[in-house]
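Coordinate analysis (summary)
In case you want the letters, here they are:
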Amino acid sequence: MLQEIFDRRSVRHYTEEPVTRDQLTEMLRAAMNAPSAKNCQEWRFVVITDRATLDRISEIHPFAKMMLQAQAAILVSCDMDLAFTDGHGYLDCGAAIENLLLEAVHQGLSTCWCGIAPMVDRISNFRMEFELPGNLVPMGIVAVGHAKQSRDRKDQYDPEKVVWWKN
Ligand SMILES: Cc1cc2nc3c(=O)[nH]c(=O)nc-3n(C[C@H](O)[C@H](O)[C@H](O)COP(=O)(O)O)c2cc1C
C-alpha cells in the first residue's frame, strides 16, 4: 500500500519551520500530474508564502484559521474556459488537490484542504483578493506547514461500502 495515503491527515497547527520552494514545487509537480477529463489540465495555482497574505486568508475564509500558523498556502483554481464541463473542472481540480496533499506527506509536510467553490461568497472573496480573471473559479486552498503534533494515521476501509459485483 502507498503509505502516504494512510499517513495524510488534516493538520491545523504548524511550527515556524519554513516550507521550501523546492518542496512546494514538488507538490505542484504532483498536482499537475493528476488525470483530467479530455486531458484539459485546467488547474491553475497561486503559491502564497507572504505572512500578511496568509493571515488575510484566515479573514476571507470562515474555516481557515490554520492559515495564521501555515508557512505556505496553494490556491487551486479552475480555468472554466478550458474545462470539458464545469463538473469535470471540479473533479479534475479535486484530483490535483489530492496529489498536492499526498506529495506534501512525502516531503515530510502537513496540509489542510480548505474548500472554496461552490460557495459563492468564498468564490467572490478569493476572486477579489487574488485578482482572478472571470474564467478562473477558485476551487480550494491548501494550508502547508510542519505539523506541531503528528496525528494518528488511519485506515477507513469499510466493507459495507463495497459491492463486489458478480464475484
Ligand atoms: C472539499 C473539502 C473541503 C474542506 N474544507 C475544509 C475547511 O474549510 N476547513 C478545514 O479545516 N478543513 C476542511 N476540509 C478538511 C476535512 O475537514 C477533513 O478532510 C476531514 O475532516 C477528514 O479528516 P482527515 O483529512 O484528517 O482525513 C475539507 C476537505 C475537503 C475534501
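The text that follows walks through the structure, step by step, so that each part is easy to find. (Residues numbered from 1 in each chain as written. Predicted model: local features only at pLDDT ≥ 70, side-chain atom pairs only at ≥ 80, totals over all residues. Heavy atoms only, no water.)

1. Things to note about unusual backbone geometry
Omega for the peptide link from A117 to P118 comes to 15°, which places this bond in the cis form. Looking at where P118 falls in the secondary structure, it is placed in the loop between β3 (110–115) and α5 (120–129). Non-glycine residue Q41 carries a positive phi angle of around 50°. Residue position: Q41 is located in the loop between α2 (21–31) and β1 (43–48). (Helix = DSSP H or I, 4+ residues; strand = E, 2+ residues; numbered from the N terminus.)

2. Points about a nonpolar patch on the surface
The grouping of Y157, V162 and W164 at the surface amounts to a nonpolar patch, some 370 Å² of accessible area in total. Among the secondary structure elements, Y157 is positioned in the segment after β4 (136–145). (Patch = residues over 30% accessible without salt bridge, like charges linked within 9 Å, V, L, I, M, F, W, Y side chains within 5 Å. Areas by Shrake-Rupley, 256 points an atom, 1.4 Å probe, with all protein chains shown as cover. Salt bridge = Lys/Arg side-chain N within 4 Å of Asp/Glu carboxyl O.)

3. Remarks on the pattern of salt bridges
Under the counting rule described, the total for this entry stands at five salt bridges. We note a salt bridge from R56 to E59, for which the minimum N-O separation is 2.9 Å. Within this pair, R56 and its partner E59 are both found in helix α3 (residues 51–60), separated by three residues, close to a single helical turn. Since its relative accessible area comes to 33%, R56 is described here as partly exposed. When salt bridges that share partners are traced, they join R56, E59 and E129 into one network. (Buried < 20%, exposed > 50% of the residue type's maximum accessible area, 1.4 Å probe, protein only.)

4. Here we look at the site of the ligand
Lining the immediate surroundings of the ligand are 13 residues, of which R9, S10, R12, W113 and K154 lie closest. Between the ligand and the protein, one listed contact pairs an oxygen atom with a side-chain N or O atom of S10 at 2.6 Å. In this structure, F63 approaches the ligand through a main-chain N or O atom, which is 2.9 Å from a nitrogen atom. In the complex, the protein chains occlude 61% of the 620 Å² of accessible area that the ligand would expose alone. (Near = heavy atom within 4 Å. Polar contact = N/O pair within 3.5 Å; in protein donor to acceptor, adjacent residues only side chain to side chain.)

5. Comments concerning the nonpolar core
Judged by nonpolar contacts, the single largest core of 48 residues is most densely connected at I57, M67 and I141. Among the elements that make up this core, the one with the highest residue count is β4 (seven residues). (Core = buried A, V, L, I, M, F, W, Y, C linked by side-chain atoms within 4.5 Å.)

6. What to know about the sheet that holds strand β2 (residues 72–79)
Backbone hydrogen bonds are what pair the strands of a sheet, in a parallel or an antiparallel way. The strand order β1-β2-β4-β3 describes an open sheet built from four strands, whose pairing is antiparallel. Bordering the open sheet on either side are β1 and β3, each of which pairs with just one other strand. Across the sheet, the mean angle separating the axes of adjacent strands is 25° when strand polarity is ignored. Where β2 lies against β4, eight bridges are found, and the strand directions are antiparallel. (Pairing = 2+ DSSP bridges. Axes fitted to C-alpha atoms, helices over the stretch in contact; angles between N-to-C directions.)

7. Looking at the environment of L136
Inspection of the secondary structure puts L136 in strand β4. Sequence spacing of L136 and S77 is 59 residues, and the spatial spacing of their C-alpha atoms is 5.9 Å.

8. A closer look at the environment of M80
Relative to the helices and strands, M80 is located in the loop between β2 and α4 (86–106). Judged by relative accessible area, M80 falls into the buried class, the value being 16%. In this structure, the C-alpha to C-alpha distance between M80 and M1, residues 79 residues apart in sequence, is 35 Å. Setting aside residues no more than four positions away along its own chain, M80 makes contact with D86, Y90, N135 and V137. (Contact = heavy atoms within 4.5 Å.)

Limitation: the analysis is restricted to geometry and does not speak to function.
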